[in-house]
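Read off the chains here:
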Amino acid sequence: MDSDALRREADAFCRYLVDAPPPDALIERYVRANDVLLTEAPSPGDQAVIDFACAHPRSIAMLDAGTALSGKAPLFRKKLLVMMAIVETTPAFVGQTEPRNASLPGLAARLGLSAARMAVNVAAGLALSTAIARRRRG
Amino acid sequence: MAEVDVIVVGSGPSAVNAAYPLVEAGLRVTMLDVGNRDTTYEETIPEGPFSELRRTDEQQHRYLLGESFEGIAFGHAGAGAQLTPPRQYVARDAERLLPIVSGSFFPLQSLAEGGLGGGWGAGSPQFCEADLDGFPIRLTDLQPHYEAVAARIGISGAHDDLVPFLGDLQAMQPAVAIDSNGESILRRYQKRRAAANQAGLFLGHPRLAMLSQPLRGRSPTRYWDMDFWSDAGKSIYRPRWTVDELRGFPGFRFVGRRLVQSFTETADGGVIVAARDLDSGRIEELRARAVVLAAGTLGTARIVLRSFQLYGRRIPLVCNPHTYVAMLNANSLGKDARDARHSMAQLCVVHAPDGAQRRFTVGHVYSYRSLLLFRLMKYSPLPFREGMEMLRLLSPSFSVLILQHEDRPSPDKYCALARAGDGGEDRLEVEYALSPSDRAQHDAVETAVLRGLLRLRCVTLRRLHEGNAASTHFAGTFPMSEAPARDDDLTTDKHGRLRRARNVYIADGSVFPSLPSKGLTFTMMANADRIGCHLRTVLRPGSR
């Protein structure tokens with residue numbers, strides 16, 4: 001895969017995960033990790049999801065939620081896992097990735113909020129990934 | 001050809017503890033092993049607590065993910081999944097030089113200095129009398145050697161409810177501190193002890209080969225939570241610490257880059273060992289009065305079967321079936337977790353509905369802190385962003401129970417050596433299948449344990465069976481027995497001597513006829529020490 005496309009992915013996925021653009025070193029790390037780990041050619045379905053995600057970064061949350069549940073687009077999920085591993089081992093993002101303590105009410109509120117957001121994204125993501133698949137088929 | 005007293009094959013937990021009493025007695029011992037070491041990461045990992053390195057070390061990705069991103073693994077976990085990039089040297093070259101053919105058994109093997117002990121979780125329960133059922137030795141035969149090994153390597157633990165199940169040691173160091181997650185489960189157990197015990201559930205400190213006090217130049221744990229990544233301070237025992245100690249004795253020689261192929265006995269009672277020099281490719285022959293094979297159960301099987309040209313001969317194999325259970329500890333939800341902790345098992349769980357006199361099941365509870373969240377996400381059906389947020393909140397209360405089941409030989413569990421047809425390495429063919437009744441029994445035990453833990457507010461999230469070889473507890477290929485069953489028996493006597501040979505001893509897991517529901521490493525080391533002590537009386541220095 002060409003490295004410009006991977007750089008675009010790195011930028012989109014990092015912003016999705018931690019709300020911040022990736023530093024150059026992190027982008028290079030993502031490109032290198034893809035070269036080493038994800039050598040298989042993407043399926044047309046996977047490629048369509050990745051292309052759409054990079055063209056419309058706001059859709060990533062929905063596509064991630066939809067494909068997590070449906071199991072479709074496994075390469076897209078692997079790429080997100082690679083980016084999560086990279087941001088998790090970057091000190092600049094430790095505040096967004098390290099385990100956190102929360103009081104019981106705080107924990108319940110945050111979990112509830114995450115679950116609600118997730119439910120919305122799953123519903124939207126399933127519809128969106130179906131639409132992408134239909135568009136790809138013709 | 002110069003002769004030494006003993007050649008020890010391998011450098012893992014059994015090898016070094018068999019060698020120690022021999023070397024200490026003044027015998028000339030040569031240890032042969034490939035002896036791979038970590039040359040990539042050891043120098044790159046700074047000293048400091050995990051939580052601090054996460055915040056400050058810009059180079060952390062080099063060792064947490066690996067120079068070639070080998071720490072990001074996709075697919076099934078399986079054997080060796082616990083090996084972080086700095087530990088992966090343990091398995092280096094093994095797939096190439098020790099090939100296995102199997103559709104059901106995918107073991108981790110090692111050619112490292114210190115063997116599989118380089119990645120050991122340090123769990124060190126002793127066997128009980130009930131565990132030695134079918135062995136030609138009793139607990140009294142092993143106890144002095146448990147003490148000797150404990151004094152040598154350092155075992156910490158507590159005199160708590162688990163003594164009847166895990167044994168007792170005079171040489172035991174005080175227990176290392178449990179982390180806040182484990183503490184909350186233990187407190188709950190202590191409040192409900194009577195009911196839990198009535199249901200057959202017992203909880204306590206694990207026995208760990210981890211120091212709480214200084215020993216032989218090694219430091220007690222500093223609670224830096226770096227134990228999956230680094231051996232700084234040497235608080236966790238690794239067999240290579242003993243190799244280093246042995247190197248200080250004049251009679252000891254370590255010869256690395258040697259892959260032992262076979263042995264032959266000579267008419268005058270000596271043994272010639274053939275080993276391949278991995279650098280030159282040449283076969284070298286070394287001579288000794290006796291040989292101790294401790295190349296790991298599968299490695300030793302190759303050497304013995306090749307030495308007797310028993311290609312195709314099936315020999316038994318046992319391996320503890322392992323189950324991982326992801327749990328949420330509701331006791332610690334909403335409470336602050338301490339960063340200061342060690343990374344190994346925090347608690348030991350015993351399920352013994354019939355008490356300690358009958359067979360029982362042992363598990364260990366780990367907290368999930370220093371292995372990074374992305375590894376958990378791989379198993380999660382959650383989207384990454386929300387999943388990461390949820391795991392951040394829940395991981396301080398997240399626990400992993402590793403439960404192991406006993407294993408006994410059966411016709412469906414065996415290995416055989418197949419000759420290399422293409423000039424490559426001989427292949428070990430392995431078949432391993434659990435019977436439906438085994439599976440049903442494991443399931444019943446797991447259900448009972450998880451029900452008991454639920455009463456302690458540990459909620460099961462998911463059970464994972466990571467394949468037949470995931471425990472890396474391999475044994476049973478040349479079992480110790482009172483008397484040979486047949487003339488061509490491939491068994492060992494109670495001193496570990498291979499019955500088909502006069503001066504070839506086996507000191508690793510191969511000689512265990514069965515495996516109880518416990519880690520075998522500490523017992524393997526004690527048994528190796530026992531065999532070494534026996535051999536030194538046979539080969540008194542200067543007797544030849």
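Parameters and conventions
- Residues numbered from 1 in each chain as written.
- Chains lettered and ligands numbered in written order.
- Predicted model: local features only at pLDDT ≥ 70, side-chain atom pairs only at ≥ 80, totals over all residues.
- Heavy atoms only, no water.
- Salt bridge = Lys/Arg side-chain N within 4 Å of Asp/Glu carboxyl O.
- Helix = DSSP H or I, 4+ residues; strand = E, 2+ residues; numbered from the N terminus.
- Buried < 20%, exposed > 50% of the residue type's maximum accessible area, 1.4 Å probe, protein only.
- Phe/Tyr/Trp six-rings, centres within 6.5 Å; stacked < 30°, edge-to-face > 60°.
- Contact = heavy atoms within 4.5 Å.
- Polar contact = N/O pair within 3.5 Å; in protein donor to acceptor, adjacent residues only side chain to side chain.
- Nonpolar A, V, L, I, M, F, W, Y, C, P; charged D, E, K, R; others polar.
- Pairing = 2+ DSSP bridges.
- Axes fitted to C-alpha atoms, helices over the stretch in contact; angles between N-to-C directions.
- Expected span 1.5 Å × (residues − 1).
- Core = buried A, V, L, I, M, F, W, Y, C linked by side-chain atoms within 4.5 Å.
- Domains from an automatic or database assignment.

Caption draft 1: Broad picture of the pattern of salt bridges. Residue and element names in this part refer to chain B. All chains considered together, the criterion is met by 47 salt bridges over all chains. Glu406 is paired through a salt bridge with Arg359; the nearest N and O atoms lie 2.7 Å apart. Here Glu406, found in the loop between strand E14 (398-404) and strand E15 (413-418), pairs with Arg359, found in the loop between strand E12 (347-351) and strand E13 (361-367); they are 47 residues apart in sequence, far enough to count as distant. Among the residues examined, Glu406 registers a relative accessible area of 24% and is labelled partly exposed. Salt bridges here are not isolated pairs; linked through shared partners, they connect Glu42, Arg87, Asp231, Arg238 and Arg240.

Caption draft 2: Up close: the packing of aromatic side chains. Tallied over the entire structure, the rule returns 13 aromatic pairs over all chains. Ring plane angle 35° and centroid distance 5.2 Å describe the contact between Phe105(B) and Tyr432(B), whose orientation is recorded as tilted. Here Phe105(B), found in the loop between strand E3 (100-101) and helix H5 (139-153), pairs with Tyr432(B), found in strand E16 (residues 427-432); they are 327 residues apart in sequence, far enough to count as distant. Phe105(B) gets classed as buried once you look at its relative accessible area, which sits at 0%. Seen from their ring centres, Phe127(B) and Phe135(B) are 6.3 Å apart, and the 85° between their planes marks the pair as edge-to-face. Since its relative accessible area comes to 1%, Phe127(B) is described here as buried. Residue class for Phe135(B) comes out buried when judged on its relative accessible area of 6%. Joined through ring pairs, the aromatic side chains of Phe13(A), Tyr30(A) and Phe76(A) make up one cluster.

Caption draft 3: Spatial organisation of the interface of chain B and chain A. Taken together, the contact between chain B and chain A spans 40 residues of the former and 46 residues of the latter. Across the chain B-chain A interface, the total number found is four salt bridges. With a shortest N-O distance of 3.1 Å, Arg55(B) and Glu98(A) are connected by a salt bridge. For the pair chain B and chain A, the number of links is 18 residue pairs in polar contact (both at pLDDT 80 or more). Here the side of chain B that touches chain A gets nine residues from one element, more than from any other, and that element is helix H12 (residues 384-394) of chain B. Class assignment for the residues of the side of chain B that touches chain A results in 20 nonpolar, seven polar and 13 charged.

Caption draft 4: Examining the pairing of E15(B) more closely. All names here are of chain B. Of all the six residues making up E15, six are buried; the element is thus mostly covered by neighbouring parts of the structure. Both faces of E15 are covered, namely the face carrying Lys413, Cys415 and Leu417 and the face carrying Tyr414, Ala416 and Ala418. In this structure, strand E9 (residues 315-316) lies alongside E15, joined through two bridges in antiparallel fashion. Directly across from Pro316, in E15, lies its bridge partner Tyr414. The pairing of E15 with E16 spans six bridges and is classified as antiparallel. Within the sheet, the bridge partner assigned to Ala418 lies in E16 and is Arg427.

Caption draft 5: Spotlight on the sheet that holds E13(B). Residues and elements named next belong to chain B. The strand order across the open sheet formed by six strands is E4-E12-E13-E14-E11-E17, and the pairing between neighbours is antiparallel. Of all the strands in the sheet, the pair left with one neighbour each is strand E4 (201-204) and strand E17 (458-464). Within this sheet the neighbouring strands show an average axis-to-axis angle of 25°, counted without direction. Pairing of E4 with E12 involves four bridges; the strand directions are antiparallel.

Caption draft 6: Here's a closer look at the sheet that holds E9(B). Residue and element names in this part refer to chain B. Read from one edge to the other, the open sheet built from four strands follows the order E3-E16-E15-E9, with strand pairing classed as mixed. Of all the strands in the sheet, the pair left with one neighbour each is E3 and E9. In terms of strand pairing, E3 meets E16 through two bridges, oriented parallel. In the strand pairing of E16, Ile100 is matched with Leu428.

Caption draft 7: Looking closely at helix H7 (residues 180-191) of chain B. For H7(B), built from twelve residues, the straight-helix expectation of 16 Å at 1.5 Å per residue is met to within 8% by its first-to-last C-alpha distance of 17 Å. Every buried residue of H7(B) is accounted for by Ser180(B), Asn181(B), Gly182(B), Ser184(B), Ile185(B), Leu186(B), Arg188(B) and Tyr189(B).

Caption draft 8: Expanded view of the nonpolar core. Counting residues in hydrophobic clusters, the biggest one holds 163 residues, and the most contacted among them are Phe76(A), Met83(A) and Met31(B). When residues of this core are assigned to their parent elements, the largest contribution, ten residues, is made by helix H5 (residues 74-88) of chain A. When residues of this core are assigned to domains, at least three map to each of domain 1 (1-36 + 92-120 + 237-318 + 412-432 + 473-544) and domain 2 (37-80 + 159-235 + 321-405 + 434-467) of chain B. Leaving out residues up to four positions away in the same chain, Met83(A) has contacts with Ala10(A), Phe13(A), Cys14(A), Leu17(A), Leu26(A) and Tyr30(A).

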